[in-house]
Amino acid sequence: MREFLEETGRKTRTVVEISGQIGLMLSQALMWIFVPPYKWRNIIKQMEFVGVQSVFVVVLTGSFTGMVLALQSFEALKRFGAESMVAPTVALSVARELGPVLTGLMVAGRAGSAMATELATMRVTEQIDALTTMAINPTRYLITPRILAGILMLPILTIIADFVGIIGGYVIGVKMLGINSGVYIARTVDYLTFGDIMDGLIKSAVFGLILTLSACYYGFYATGGAEGVGKAATRSMVLGCVLILASDYVMTSMMY
Amino acid sequence: MIKIKDLKKSFNGKRVLDGVNLEIDKGKITVIIGRSGEGKSVLIKHIIGLLKPDSGQVLLEGEDLTKLDESEWNKTRRRFGMLFQGAALFDSMTVAGNVGFPLREHTNLDYKDILETVKDKLKRVGLVGVENMMPADLSGGMKKRVGLARAIIMDPEIVLFDEPTTGLDPIMSDSIADLMLDTQEQLKTTYIAITHDILLTYKIADKIAMLHNGKIIEEGGSKDIKETKNPVVRQFIEGNAEGPIRVY
Ligand SMILES: Nc1ncnc2c1ncn2[C@@H]1O[C@H](COP(=O)(O)OP(=O)(O)OP(=O)(O)O)[C@@H](O)[C@H]1O
Ligand SMILES: [Mg+2]
């Protein structure tokens, strides 16, 4: 019993400590956004890394998700004779939920862990210390552009995921399941509102913040050589994904 | 120029620096020697503010560096250059990008002038035509040279060297030693090096200080150190496994 309490205490302290450090890192990174001169080159490089290089995986995940949603919902809706409702089911699920969440998870896996690896390598090979000795603030130089890139690029990627997801649903619904093309499009347009898409995009910006921040945190404070670099990548991905799903629940419950 | 006073530092309850006292003279080369893991890197990181001490002072011309805040440090750090143990070159940049980095960040020079200065500094460390290579494609000795060029690109008053020759063959080590002497001679910069390379030490040092058990146990010129009666220092400079220092 005592052991259990001690263990819980230790875990709680770690959680509180990590949250504090992450909060501090975030506030410092955000503060530097408002201090000129701006290093556009750095920000653009990170946007390319987070955004452009993730387009391919996002298109893949988005389209398969739309396709599978169409199949699954068709099975259920057929029983009520409401086959054409496949269209709004796919559109709403993708725009409100699956587009942003799957994009967040995929980017956390791809860009987030690569980011953590890069920063951790810089830490253990003293490149971050080298920045400091050259009178360059490492938070400003390394963290701020990455977090900004996450916040800006995830909504753009999500728009792409939404779009290909809906197209994927359409292709399956119309070409394979035989729903009338005009009806499919009309149903989609009728039910999907601008607000649905916006809710999804707001979520995705938060996911972008979460996944870059957790990558930066574990990368920046990595210790212990090559092994530490690997740990940083794994931990940042686990934390990123868990926080994405948890914050998704919180945001969804607030948005309804 | 720099005075270290009773500097103490522990990590997780383990004392690494236990009251270090040392004076570093302007325009001279001071070499701090000591065994691996004695805290030489920790000591040098206190001089440039990468670590904060538990107690004690680091005085630069009378100003206590341990009391500086980040913005004051940003000014003071421009007086320093540092060569790291593994050179710490930025993997994502070319050699020219690395060496010119401080110029790009801190001056308004245009691209052409920066490249000019970079080539000049690279030539001074014996490297020609490597501007566009990536750090991953350089040998250990070349990395150290590039690191040295980057450390002195802003013509700092004080340059810190963390193990400038570790991991290099004896001939390359000797050529790094020559480079250090050359570059130091030209501008009469203050150089502080930490190392366990005793040949390098004798070759370049104006003053040698030995760090042992968290304290400076002996200091003096090469001659003083060679003739010392302190058994710990003797054991270190002669490289004996037998002696007062026990090897685990
Ligand atoms: N940031 C840190 N956190 C915890 N312990 C540290 C830290 N930095 C150094 N130490 C510990 O301090 C001691 C001295 O380390 P340091 O790197 O200064 O040794 P060194 O004399 O430079 O050795 P080497 O010649 O191998 O580089 C080591 O036991 C190390 O584990
Ligand atoms: Mg060291």
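In this text, all values refer to a predicted model and were calculated from it rather than measured experimentally.

Observations concerning the sheet that holds strand β3 (residues 29-33) of chain B
All names here are of chain B.
Link 1 in the chain: Spatially, six strands are ordered β6-β7-β8-β3-β9-β10 in an open sheet, and the strand pairing comes out mixed. The outermost strands of the open sheet, each flanked by one partner alone, are β6 (80-83) and β10 (215-220). Ignoring which end each strand starts from, the neighbouring axes of this sheet average 20 degrees apart.
Link 2 in the chain: Pairing analysis gives five bridges linking strand β9 (residues 207-212) to β10, with the strands arranged antiparallel. In the sheet register, methionine 210 faces β10, and the bridge partner there is glutamate 218.
Link 3 in the chain: Relative to the sheet, helix α6 (residues 170-187) contacts β3, β7 (158-162) and β8 (190-195), its axis offset from that of β8 by approximately 160 degrees.

Here's the deal with the coordination of the magnesium ion (ligand 2)
Link 1 in the chain: Protein-derived coordination of the magnesium ion (ligand 2) comes from Ser41(B) (OG) and Gln85(B) (OE1), at a distance range of 1.9 to 2.7 Å. Here the residue Ser41(B) occupies a position in helix α1 (residues 40-47), and Gln85(B) occupies one in the loop between β6 and α3 (95-106), the gap between them amounting to 44 residues.

A closer look at helix α1 (residues 2-33) of chain A
Residue and element names in this part refer to chain A.
Link 1 in the chain: The terminal C-alpha atoms of α1 lie 47 Å apart, and with 32 residues this matches the ideal 46 Å at 1.5 Å per residue to within 8%.
Link 2 in the chain: Every buried residue of α1 is accounted for by Ile22, Met25, Ala29 and Trp32.
Link 3 in the chain: Looking at the packing, one finds that the buried side of α1 touches α6 (138-176), α8 (194-220) and α9 (225-255).

Details of the packing of aromatic side chains
Link 1 in the chain: A complete count under the given rule lists seven aromatic pairs over all chains for this structure.
Link 2 in the chain: The ring of Phe220(A) carries the charged tip of Arg123(A) above its face, separated from the ring centre by 4.9 Å.
Link 3 in the chain: The ring of Tyr202(B) has Lys226(B) lying over it, and the distance from NZ or CZ to the ring centre is 4.5 Å.

Points about the pattern of salt bridges
Link 1 in the chain: This model, assessed by the stated rule, comprises 27 salt bridges over all chains.
Link 2 in the chain: Across the pair Lys215(B) and Asp18(B) runs a salt bridge whose closest N-O atoms are separated by 3.4 Å. Of this pair, Lys215(B) sits in strand β10 while Asp18(B) sits in strand β2 (residues 14-24), placing them 197 residues apart in sequence.
Link 3 in the chain: Classification of Lys215(B) by relative accessible area gives partly exposed; the value is 39%.
Link 4 in the chain: With a relative accessible area of 24%, Asp18(B) lands in the partly exposed category.
Link 5 in the chain: With a closest N to O distance of 3.0 Å, Lys121(B) and Asp155(B) form a salt bridge. Taken as a pair, Lys121(B) in helix α4 (residues 111-124) and Asp155(B) in the loop between α5 (140-151) and β7 lie far apart in primary sequence, 34 residues in all.
Link 6 in the chain: Take Lys121(B): its relative accessible area is 4%, and that puts it in the buried class.
Link 7 in the chain: For Asp155(B), a relative accessible area of 45% puts it in the partly exposed group.
Link 8 in the chain: Several salt bridges share partner residues, and in doing so they unite Arg123(A), Glu126(A), Asp129(A) and Lys45(B) into one network.

As for the environment of Tyr202(B)
Residue and element names in this part refer to chain B.
Link 1 in the chain: Looking at the element boundaries, tyrosine 202 is found in helix α7 (residues 198-204).
Link 2 in the chain: For tyrosine 202, a relative accessible area of 24% gives the class partly exposed.
Link 3 in the chain: In this structure, the C-alpha to C-alpha distance between tyrosine 202 and lysine 223, residues 21 residues apart in sequence, is 8.7 Å.
Link 4 in the chain: Beyond its immediate stretch of four places on either side in the chain, tyrosine 202 contacts Ile208, Ser222, Lys226 and Ile237.

So, the pairing of strand β4 (residues 55-60) of chain B
All names here are of chain B.
Link 1 in the chain: As paired strands, strand β1 (residues 2-11) and β4 are joined by five bridges and run antiparallel to one another. Pairing of lysine 3 across the sheet is with leucine 59, part of β4.
Link 2 in the chain: Pairing of β4 with strand β5 (residues 63-64), which is carried by two bridges, proceeds in the antiparallel orientation. If you follow leucine 59 over to β5, its bridge partner there is aspartate 64.
Link 3 in the chain: What sits between β4 and β5 in their antiparallel hairpin is a turn of two residues, with glutamate 61 showing a positive phi close to 45 degrees.

Basis of the calculations
- Residues numbered from 1 in each chain as written.
- Chains lettered and ligands numbered in written order.
- Predicted model: local features only at pLDDT ≥ 70, side-chain atom pairs only at ≥ 80, totals over all residues.
- Heavy atoms only, no water.
- Pairing = 2+ DSSP bridges.
- Helix = DSSP H or I, 4+ residues; strand = E, 2+ residues; numbered from the N terminus.
- Axes fitted to C-alpha atoms, helices over the stretch in contact; angles between N-to-C directions.
- Contact = heavy atoms within 4.5 Å.
- Donors = N, O, S within 2.8 Å, 3.2 Å for Na, K, Ca; no water.
- Expected span 1.5 Å × (residues − 1).
- Buried < 20%, exposed > 50% of the residue type's maximum accessible area, 1.4 Å probe, protein only.
- Phe/Tyr/Trp six-rings, centres within 6.5 Å; stacked < 30°, edge-to-face > 60°.
- Lys NZ or Arg CZ within 6 Å of the ring centre and 35° of its normal.
- Salt bridge = Lys/Arg side-chain N within 4 Å of Asp/Glu carboxyl O.

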